[in-house]
Amino acid sequence: MSTDDTEPTASRAAQPGTGGPVTAGDGTAAGAAQPRSHGPRGAVRPSRPRDATASTAARARSAAGGIGGPPPRTIRPYGDTTGDGRVQVSFTLPVPFGSETERARAEGAALQLAAKMGLDPAMVVHAKGIGSDFTFFIVYGRVSHLVDMSAVTVTEREFPLLTAQEVNLRIRSELGRKFVVVGACIGTDAHTVGIDAILNVKGHAGEKGLEYYREIRVVNMGAQVGVPDLVARARAERADAVLVSQVVTQRDAHLSNAREMAAAFRDAYPGGGKPLLVVGGPRFDPAAAGALGVDAIFGRGTTPREVASYLAATLDGATRDGEPAHV
Ligand code: B12
């Protein structure tokens, strides 16, 4: 992050410090990383941050903000008092937390990291050993970075949210038969709660799952399904859409599995007509569908109705023998 995104030094110095049991010795802020968008639920999703254009001084002036009046253009985090810049972060370091010396070293390591992340001052408010070699920390501190609200952009949902009746009607009128969905967790992933939340009739967040929709036929293959088995089942069922869940993201397994799945379907349907490929899970970036070779990505907090509405929206002009129309 450029220094243009932080407060002027004078303003920073005017802020009172928190003090506390252990504070960062190294006040050098290397700059905090920009957060990635993980595509929260709802009609709008934040897109990646773009460079701010306003001057530092103008942003610092509007940073004060306040209650009443127009919403401030530039804002800071709020911990104890409005705009004090206080944030809380948690992380684990591979350091022991046994003896008194180990604990002191562990907290020192956490504070060094916090300082490099731009927290100044920072204090360890919680530390707990995890096994013999790891320590979990919660660090509370002040960041000097500003959020330029004028640079925040959101992506509107590109399809209307329909009721179950509207989805059924759309399928009946556009397809004249049931819409077939094949779902699975692929690779070694055994986290079925997410895909079940979307597919099972009991649903999620007060909404019934796709099994509830009269015009949708659901085949739920469950956990740890191999890509070849998924492709074979999708073919056998003449699937209109394949819904894949990936929750484990260690070593970016969710990305490589999604790419592998997309490639396998491309190979299996060389003449076109492959089912819609939809992946979901809490750590996907919904903007990455194209890069992964799938048609859509749904992130954390997705509800069944959103998915059903998306599937219905793809039906315009879709035929089994041609490429489905995408939203
Ligand atoms: C329950 C759980 C388990 C259960 C799973 C039971 C089951 N049948 O699913 C059990 C105990 C088996 C388990 C095992 C493991 N787990 Co676990 N588990 C969890 C836990 C606590 C909750 C996950 C969950 O159910 N969330 C609720 C659902 C509803 O949310 P969701 O999955 O995000 O789904 C929503 C959206 O993402 C989206 N969505 C999801 N999929 C799809 C698909 C489509 C098509 C669409 C449209 C939408 C969609 O819609 C859903 C509804 O909104 C999480 C931690 C957490 N709090 O999230 C860890 C967690 C996922 N597990 C983790 C780990 C590491 C493991 C193990 C490797 C542990 C181990 N060392 O053995 C094993 C792996 C097993 C395996 N082979 O996969 C890590 C994953 C880390 C990572 N990011 O890679 C987590 C994050 C815990 C952690 N912080 O370390 N786990």
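Residues numbered from 1 in each chain as written. Predicted model: local features only at pLDDT ≥ 70, side-chain atom pairs only at ≥ 80, totals over all residues.

(A) Geometry of helix H7 (residues 253-268). Taking 1.5 Å of rise per residue, 16 residues should cover 22 Å, and H7 covers 22 Å from first to last C-alpha, within 8% of that figure. For H7, the set of buried residues is His254, Asn257, Ala258, Met261, Ala262 and Phe265. In an axial view of H7, the angular spread of the buried residues amounts to 135°, which keeps them on one side of the axis. Exposed residues pointing more than 90 degrees away from the buried face of H7 are listed as Ala263 and Asp267. In the core, the buried residues of H7 are packed alongside helix H6 (227-236), strand E10 (241-245), strand E11 (276-280) and helix H8 (289-292). (Helix = DSSP H or I, 4+ residues; strand = E, 2+ residues; numbered from the N terminus. Expected span 1.5 Å × (residues − 1). Buried ≥ 20, exposed ≤ 12 C-beta atoms within 10 Å, placed from the backbone. Arc of directions from axis to C-beta. Contact = placed C-beta atoms within 7 Å.)

(B) Geometry of the site of the ligand. Residues in contact with the ligand amount to 29 residues; listed here are only the nearest, Val193, Gly194, Ser245, Gly280 and Pro282. For the shell around the ligand, the element with the most residues is helix H5 (residues 193-199), which contributes five residues. Of the residues in the shell around the ligand, the class split is 14 nonpolar, 12 polar and three charged. (Near = placed C-beta within 6 Å. Nonpolar A, V, L, I, M, F, W, Y, C, P; charged D, E, K, R; others polar.)

(C) The arrangement of the nonpolar core in detail. In this structure, Val181, Leu210, Val242, Val278 and Val294 are the most contacted members of the largest nonpolar core, which totals 45 residues. When sequence neighbours within four positions are dropped, the list of residues in contact with Leu210 reads Val181, Ile198, Leu199, Ile216, Val218, Pro304, Val307 and Ala308. (Core = buried A, V, L, I, M, F, W, Y, C linked by C-beta atoms within 7 Å.)

(D) Spotlight on the environment of His191. Looking at the secondary structure, you find His191 in the loop between strand E8 (179-185) and H5. The partly exposed category is assigned to His191, around which 15 C-beta atoms lie within 10 Å. Put simply, His191 and Gln246 are 55 residues apart on the chain and 7.7 Å apart in space, counted from C-alpha to C-alpha. Discounting chain neighbours no more than four positions away, the residues touching His191 are Cys185, Ser245, Val247 and Val248.

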